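Working through the structure, step by step
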Amino acid sequence: MPTAPYSGLAMLSAAFGARLRELSFILGPAALTVSARLFCHVAHCEADVNNNTPVEVVAKQTVPEFKWHILWEFLKPQLFALIGAVVLAFGAAILNIQIPLMLGDLVNVVARYLREHTGNYVHEIRGPALKLLGLYGIQGLLTSGYIILLSRVGERVAADMRKTLFASLLRQDVAFFDANKTGQLVNRLTADIQEFKSSFKLVISQGLRSITQTVGCFVSLYVISPKLTGLTVVVLPCLVGAGALIGSFLRKLSRLAQEQVAKATGVADEALGNVRTVKAFAMEERELYAYEVDKSCDMNENLGAGIAVFQGLSNMALNCIVLGTIFAGGTLISSNEMSPGDLMSFLVASQTVQRSLASISILFGQMVRGLSSGARVFEYLALQPTIPLCGGGRIPYHSLTGRVDFMNISFSYPTRPGHQVLQKFSLTLPPSKTVAIVGESGGGKSTVASLLERFYDPTSGVIMLDGLDIRTLDLSWLRGQVIGFINQEPVLFGSSIMENIRFGKPEATDAEVINAAKQANAHRFITGFPDGYNTVVGERGVTLSGGQKQRIAIARALIKNPSILVLDEATSALDAESERVVQEALDRATRGRTVLIIAHRLSTIQGADLICVISNGRIVEAGTHLELLGKGGLYSDLIRRQRAEGQK
Ligand SMILES: Nc1ncnc2c1ncn2[C@@H]1O[C@H](COP(=O)(O)OP(=O)(O)OP(=O)(O)O)[C@@H](O)[C@H]1O
């Protein structure tokens, strides 16, 4: 008998073991096995407490519903493997029910031999022992079989979910990303799916086994001794009721802790994604992350303590049942109502029930967590974007002029519905002409570009391309082939320069990529790198200068040969020399195209065919540079202000 390094439960187990040793004069050596198994169970339960601390990271604002039909779609392709796993798990559970009965047979042989000391012990024990050994072997095989099948099903379902969720997230409107933090979305892809997978596997394997064993062993208990079973049945409902009450309190704690972990992850994601800003303000030490992590640590510690008390109490109660059984069973043996083997069977069977019930109580919490993780994953799987990515008409390339009309556009961002950014805004971009929008910061310039790209749809009014409402046109065609977009801070992906330029047209040949780079004034510096076009640009292009990044972004936009080019303050973040080379590239790129420039520095747009000044969401002045200067209005003011700032 091992000495217990554990707390009260283990001491109870040890005391129980001692009691069994006392009884071993009747029950023989098998009693020691029961004691050891019970001890192991206590240790196992304590280990479960540690394993049960939830590390789930959840992005949770509302409580989404679990959609079973979506789960069914993922399970369908794995149905055969799943049925196989269920059958094998069921088989293993049925065999587990047989084990106590066989142990009883074995003990009866031992007890009879101890009592009578007649016959050939080895010969008599061989039959039941071999039967039991065979049962252990088959049970082991079935267990391995269902675990293999189940982990296959779990992994494949999780991989399918990840791929589908990722595709669904990318399909969502830009407004969706305004409202949801990236870190929380990534959590759904990783932690939520992981949690769902673990719960799914656990519930199918252990849940099925525990329920089958509980029912089966209860039947065995009743067959062995209705009296003793009656005793157990009276006590059990009280324990289950108390357990359910504490369990619901713990689930609430768990949900709060999960939300806190998700919050901390969101903060980390934001800081790591913008590490330069954090460093520039020397905020490494003061980052909010530590505070949020400490908070989640406290909450998880409280949860862990709650789980510990819960499991401690439930183990103690269940162990007491076994203890009571031995006393009551001993009385029945003394009055010859029960054989020692029957008491052995009863003990092991009741121990199996106890273990199964303990595991059901843990599984119940796991199932709730799994269901809420699954619900969060399914919530976004079922979400349809309000702006569909494909479907709708296309204008043949040869007849496309590139004329754009903004007609009476009013617009508020979905995340800020009370704040009207554009009010009855009207503007025409004539084919092959350059129109620049200027105005105060926050006046709505970039919003105009976003609406043309259909990142959002106007609240009222229509945007026309060649006289057709852009809402009737195929969005992937519009974004993929008609409009080229270059903004102030181009984002490159952490792959090669070649792949980054090809992002604009995935089917482009190497020659097309090089040609686009030449048009964007980028070929020379790219070929100057040791790896040329295969140079990997680092995350978000950090290994390149601002001007180099911008020229690659221009090449990426030009490779699709767009009819319309939108330049959102494309050179405002560059120094004078970079601006000159990029401007050169842009001048070449804009030739023969309809161009909308969202301008910050007025010096770069003086050659535009039309300059519009936007204020409070509508155009207040329009004309060429000279015409506007002559008017002496808002445009002249802006120029004067910029000159004064330049001189400072
Ligand atoms: N995604 C968004 N969600 C909610 N409001 C937004 C969003 N983007 C911009 N806004 C708000 O819309 C208004 C117009 O913003 P916009 O970016 O169009 O201005 P801008 O003229 O381009 O400014 P700047 O010259 O400073 O870039 C601002 O009040 C801004 O706060």
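Thresholds, definitions, all that
- Residues numbered from 1 in each chain as written.
- Predicted model: local features only at pLDDT ≥ 70, side-chain atom pairs only at ≥ 80, totals over all residues.
- Near = placed C-beta within 6 Å.
- Helix = DSSP H or I, 4+ residues; strand = E, 2+ residues; numbered from the N terminus.
- Nonpolar A, V, L, I, M, F, W, Y, C, P; charged D, E, K, R; others polar.
- UniProt positions renumbered as here; feature names shortened; annotations may be inferred.
- Buried ≥ 20, exposed ≤ 12 C-beta atoms within 10 Å, placed from the backbone.
- Pairing = 2+ DSSP bridges.
- Axes fitted to C-alpha atoms, helices over the stretch in contact; angles between N-to-C directions.
- Contact = placed C-beta atoms within 7 Å.
- Core = buried A, V, L, I, M, F, W, Y, C linked by C-beta atoms within 7 Å.
- Expected span 1.5 Å × (residues − 1).
- Bend = angle between axes of the 7 residues up to and from the residue.
- Left-handed = near helix turned anticlockwise from the far one by under 90°.

So, the site of the ligand
The local shell around the ligand holds 14 residues, among which Tyr413, Ser441, Lys445, Ser446 and Thr447 are the closest. It is helix H12 (residues 445-452) that contributes the most residues to the shell around the ligand, 3 residues altogether. A breakdown of the residues in the shell around the ligand according to their chemical character gives 2 nonpolar, 9 polar and 3 charged.

Quick look at the UniProt feature "transmembrane region" (unreviewed entry) in the chain
UniProt's entry tags residues 79-99, 133-153, 207-224 and 230-250 with the feature "transmembrane region" (unreviewed entry), counted in the numbering of this structure. Taken end to end, residues 133-153 is 100% helix and 0% strand, and its first and last C-alpha atoms sit 30 Å apart. The span residues 230-250 is 100% helix and 0% strand, and its two end C-alpha atoms sit 31 Å from each other.

So, the pairing of strand E8 (residues 594-598)
Burial within E8 is extensive, with 5 of its 5 residues counted as buried. Burial along E8 is two-sided: Thr594, Leu596 and Ile598 and Val595 and Ile597, pointing in opposite directions, are all buried. Of the pairings in the sheet, the one linking strand E3 (residues 434-439) to E8 comprises 4 bridges and is parallel in character. Bridge pairing links Ala436 to Ile597 in E8.

As for the sheet that holds strand E10 (residues 618-623)
If you trace the 6 strands from one edge of the open sheet to the other, you get E6-E7-E8-E3-E9-E10, paired in mixed fashion. Each end of this open sheet is capped by a strand with a single partner; those strands are strand E6 (483-487) and E10. Each adjacent strand pair in this sheet contributes to an overall mean axis angle of 20°, direction not counted. Looking at chain direction, strand E9 (residues 610-615) and E10 are connected through 5 bridges and run antiparallel. Across the sheet, the residue bridging to Cys612 is Ala622, located in E10. Strands E6 and strand E7 (564-568) of the sheet are contacted by helix H17 (residues 546-558), whose axis makes an angle of about 170° with E6.

Let's talk about the sheet that holds strand E1 (residues 404-412)
Read across the open sheet, the 4 strands follow the order E2-E1-E4-E5; overall the sheet is antiparallel. Both outer strands of the open sheet, strand E2 (420-429) and strand E5 (468-469), are each paired with one neighbouring strand and no more. Note that strand E4 (residues 460-465) and E5 share 2 bridges and pair antiparallel. What sits directly across from Met464, in E5, is Asp469. Of the strands in this sheet, E1, E2 and E4 touch H12, which is tilted by about 115° from E1.

Describing the nonpolar core
Ranked by internal contacts, the top residues of the largest apolar core, which has 69 residues, are Ile554 and Ala555. Aside from chain neighbours lying at most four places away, what touches Ile554 is Ile486, Ala520, Ala585, Leu586 and Ala589. In terms of nonpolar packing, the next biggest core, distinct from the first, is built from 50 residues, Ala89, Tyr146, Phe196 and Ile362 among them.

Considerations on unusual backbone geometry
With a phi close to 60°, Asn521 is a non-glycine residue in the positive phi region. The class of Asn521 is buried, set by 24 C-beta atoms lying within 10 Å. Despite not being glycine, Asn561 has its phi angle at roughly 50°, a positive value. Positionally, Asn561 belongs in the loop between H17 and E7. Accessibility expressed as a C-beta count within 10 Å gives 16 for Asn561, which makes it partly exposed.

Looking at the pairing of E7
Most of E7 is tucked away, with 5 of its 5 residues classed as buried. Here E7 shows two buried faces, one formed by Ile564, Val566 and Asp568 and the other by Leu565 and Leu567. Taken together, the 5 bridges between E6 and E7 define a ladder with parallel strand orientation. Considered in E7, the bridge of Ile483 is made with Ile564. In this structure, E7 lies alongside E8, joined through 5 bridges in parallel fashion. What sits directly across from Leu565, in E8, is Val595.

Section: helix H5 (residues 121-171)
One turn of an α-helix holds 3.6 residues; hence residues three or four places apart share an orientation. For H5, built from 51 residues, the straight-helix expectation of 75 Å at 1.5 Å per residue is met to within 8% by its first-to-last C-alpha distance of 74 Å. For H5, the principal kink sits at Gly127 and spans about 30°; a proline, Pro128, occurs within the next four residues. Looking at H5, one finds that the buried residues are Leu142, Tyr146, Leu149, Leu150, Val153, Gly154, Val157, Met161 and Leu165. Structurally, H5 contributes buried residues whose contacts are with helix H3 (68-75), helix H4 (79-116), helix H7 (182-224) and helix H11 (340-381).

Some details on the packing of H4 against H7
Between H4 and H7, the least distance of the axes is 9 Å, while the angle of their chain directions is 35°. As H4 runs across H7, the sense of the crossing is right-handed. Taken together, the residues of H7 that come into contact with H4 (itself represented by Ala85, Val86, Ala89, Phe90, Ala92, Ala93, Ile94, Asn96, Ile97, Pro100 and Leu101) are Ile204, Ser205, Leu208, Arg209, Thr212, Gln213, Gly216, Cys217 and Ser220. For the contact of H4 with H7, the class distribution of residues is 13 nonpolar, 6 polar and 1 charged.

Things to note about the environment of Leu400
Inspection of the secondary structure assignment puts Leu400 in the loop between H11 and E1. Sequence-wise, Leu400 and Leu465 are 65 residues apart; in three dimensions their C-alpha atoms are separated by 8.8 Å.

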